[in-house]
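# Chain and residue survey
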Amino acid sequence: MPDDDHSPSPAPRRRVRRWEWVGLAGLGIAVALVLSLTTFDRGGDEPEAPGPAAPVGNPYDDGRRTGAQAVLDEWARAVRTGDTAALPALFDPQATPGFLDSEVRRADNAAQVPFSEFAYDIGLEPETPVPSGLADALGASDVWAPAVYLRYGIAGADAQSTRKPVSLLLARHGDEWKLVDDSPLPGSNRETWRGPWDFGPVTTRTVAGEEGRPSIVLGHPEQSAMIDLIAADLGDAVAHVTDVWGEDWSRRAVVMVAGSQEEFSSLVGSDHSGADIAAVAVSDAVDHRSGTASGQRIVFSPEAAGRLTDLTRVSVLRHELTHVAARPATEDGSPMWMLEGYADYIGYHGIEARFGDLAPTLAAEVARTGPPTALPANEDFRAGGDTARAAYESSWSLAAFIAAEYGEPRLDELYRQLARGPVTATDLDSRIRGILGTGTDGLVDSWAGWIKGQLSRP
Ligand SMILES: [Zn+2]
């Protein structure tokens, strides 16, 4: 890119996805397992401005962008409107076999999805180098692999659109650019994001929310029963989270039900899609200027329908909705006992159950070695197995203890104070002291005593 005063400088970029999942183990109660954070930090703190990239002020690049954008616009229009007859003309005669067919299927699959926006943008990032000789092999005058994004939003449920990467190869023939391939180029780690419509026909249920805030559940016809159950739960779950968190959140959600492990991996990331995971919440980076996070999605795993009970399905949904509600107030790297304990506290809030049923792993640990002597550490949540289960259960019990002992408003205030990012032990102690009037050690001591009392109740 030329260093040109007339070209707008790209906004500093920070793309963040937060992963959250809830495990399927436990005694009839969902046990939250692991949360992990994935940060793609490219050197800035501000989220990338949405929308199409501006030309960069170089006539050669401008020409490429204008020409390529024309085929991208037509591609998006054809898929969004189901105009499959218009698709073949957009593809290079030597396009990768199957690429056109998959786009025709995609257009049909997405016919029921109420997009508020569906478009392709060319980003300002450097292009992916294309192997030499490819233009000749295609008989093209130019080939180009710019950084392309699919920008889409769901009408009503999305306050703003989200952008997902597309690895795209384009070839120019005369004045026209054509689509060649959307799989990763050799040597590039840029991938094409696949949405529910890439995995089969999509069916949707819209849930009328309060004050014109509809939520939506998307999935495939094979998951209709689960989609119906979640749609039936969703309105109450949103209201429940609002009761505890307050009204300063979107109070709506986009929920996806994955039909296969491959789809689940695509929607939440391959590191976060194990077979014991019930649901994951993901989002784009938080825009601190507007205090919002785009791309918030709650994704249920293909295993969830068969393994969640009515009770655990509702608590998982509330738990994930809590993350959605709190996302703009939550920085990555914050103490996870606070983030997860609070989400589980709202998830289980009002559910009548014995302490040992909600926290069986913790109860067993207390019986073996006594009550906790420290706050759960962030690494415990990623350890898997009983270590992670105990970390989640301990965090839930800690939040429940704080609410019981100090009241919900102070639990809420503690969340907002501790969700601001990584803290030192000294900072943690002083923030806890500022809200609860006792430091970390005092909190742990009284919490440990409370746990013993809970477990000794008949
Ligand atoms: Zn969680």
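Higher on the page you've got the structure.
Treat the numbers as computed from the prediction; the structure is a model and nothing was measured.

### Re the side chain of Ser301
One can find Ser301 in the loop between strand S15 (297–300) and helix H6 (304–307). The residues touching Ser301, leaving out its near neighbours within four places in the chain, are Ala258, Phe264, Ile277 and Ala278.

### Re the side chain of Ser161
Tracing the backbone through its elements, the reader meets Ser161 in the loop between strand S5 (147–154) and strand S6 (162–167). You can call Ser161 buried: its relative accessible area is 18%. Polar side-chain contacts of Ser161 include one of 2.3 Å to the side chain of Glu117. What Ser161 contacts, discounting residues up to four positions off in sequence, is Glu117, Arg151, Tyr152, Gly153 and Ser294.

### Topic: the sheet that holds strand S8 (residues 176–181)
What links the strands of a sheet is backbone hydrogen bonding, and the strands pair in either a parallel or an antiparallel sense. With antiparallel pairing, the 3 strands of this open sheet are ordered in space as S4-S7-S8. Looking along the sheet, the strands with just one partner apiece sit at the ends: strand S4 (142–144) and S8. Strand-to-strand, the axes of this sheet are offset by a mean angle of 25 degrees, without reference to chain direction. Relative to S8, strand S7 (residues 169–173) is paired through 5 bridges, and the arrangement is antiparallel. Among the inter-strand pairings, Leu169 is bridged to a residue of S8, identified as Asp181.

### Some thoughts on the pattern of salt bridges
Taken as a whole and assessed by the stated rule, the structure comprises 25 salt bridges. Asp83 is the partner of Arg77 in a salt bridge, and the nearest nitrogen-oxygen pair spans 2.7 Å. Asp83 sits in the partly exposed class, given a relative accessible area of 26%. The residue Asp228 makes a salt bridge to Arg205 at a minimum N-O spacing of 2.5 Å. A residue pair is termed long-range when its members are at least 10 positions apart, and Asp228 in helix H4 (residues 224–245) and Arg205 in strand S9 (residues 203–207) qualify at 23 residues. Classification of Arg205 by relative accessible area gives partly exposed; the value is 22%.

### Quick word on the environment of Leu87
Mapped onto the fold, Leu87 is located in the loop between helix H1 (59–81) and helix H2 (99–109). With relative accessibility at 0%, the residue Leu87 sits in the buried group. Put simply, Leu87 and Glu74 are 13 residues apart on the chain and 8.4 Å apart in space, counted from C-alpha to C-alpha. Ignoring sequence-local partners within four residues, the contact set of Leu87 consists of Trp75, Ala78, Val79, Leu100, Glu103 and Val104.

### Brief notes about the nonpolar core
Judged by nonpolar contacts, the single largest core of 68 residues is most densely connected at Phe300, Leu321, Trp337, Ile402, Leu414 and Ile432. Residue-level mapping places this core at the junction of two domains, with at least three residues from each of domain 1 (13–45 + 194–330) and domain 3 (333–458). Each residue touching Phe300, except ones within four places of it in the same chain, is listed here: Met226, Ile230, Val255, Met256, Val257, Ala258, Phe264, Ala278, Ala279, Leu308, Val316 and Leu317. Among the nonpolar cores identified, the runner-up in size contains 46 residues, and Trp144, Val148, Leu170 and Leu218 belong to it.

### Let's talk about the packing of aromatic side chains
Per the counting criterion, the structure on display carries 20 aromatic pairs. With 6.0 Å between their ring centres and 55 degrees between their planes, Trp144 and Trp177 make a pair best called tilted. Residue Trp144 is found in strand S4, and its partner Trp177 is found in strand S8; the two are separated by 33 residues along the sequence. Given the relative accessible area of 3%, Trp144 is considered buried. For the ring pair Tyr348 and Trp396, a centre distance of 5.9 Å and an interplane angle of 85 degrees mean the geometry is edge-to-face. Taken together, the residues span a long stretch of sequence, with Tyr348 in helix H8 (residues 336–348) and Trp396 in helix H12 (residues 385–406) at a distance of 48 residues. Using a relative accessible area of 6% as the deciding quantity, one classes Tyr348 as buried. Judged by relative accessible area, Trp396 falls into the buried class, the value being 7%. Every member of this aromatic cluster is reached through a ring pair, and the members are Trp75, Phe91, Phe99, Phe115, Phe118, Tyr120, Tyr152, Trp193 and Trp197. In this structure, Arg163 packs its charged tip against the face of Tyr149, placed 4.2 Å from the ring centre.

### A few points about the packing of H12 against helix H13 (residues 408–418)
One can describe the packing of H12 onto H13 by two numbers: an axis separation of 7 Å at closest approach and a directional angle of 130 degrees. What the angle tells us is that H12 and H13 run oblique. Where H12 abuts H13, its residues Ala399, Ile402, Ala403 and Tyr406 lie against Glu408, Arg410, Leu411 and Leu414.

Here is what the cut-offs are and how they apply
- Residues numbered from 1 in each chain as written.
- Predicted model: local features only at pLDDT ≥ 70, side-chain atom pairs only at ≥ 80, totals over all residues.
- Heavy atoms only, no water.
- Helix = DSSP H or I, 4+ residues; strand = E, 2+ residues; numbered from the N terminus.
- Contact = heavy atoms within 4.5 Å.
- Buried < 20%, exposed > 50% of the residue type's maximum accessible area, 1.4 Å probe, protein only.
- Polar contact = N/O pair within 3.5 Å; in protein donor to acceptor, adjacent residues only side chain to side chain.
- Pairing = 2+ DSSP bridges.
- Axes fitted to C-alpha atoms, helices over the stretch in contact; angles between N-to-C directions.
- Salt bridge = Lys/Arg side-chain N within 4 Å of Asp/Glu carboxyl O.
- Core = buried A, V, L, I, M, F, W, Y, C linked by side-chain atoms within 4.5 Å.
- Domains from an automatic or database assignment.
- Phe/Tyr/Trp six-rings, centres within 6.5 Å; stacked < 30°, edge-to-face > 60°.
- Lys NZ or Arg CZ within 6 Å of the ring centre and 35° of its normal.
- Parallel < 35°, antiparallel > 145°, perpendicular 65-115°, else oblique.

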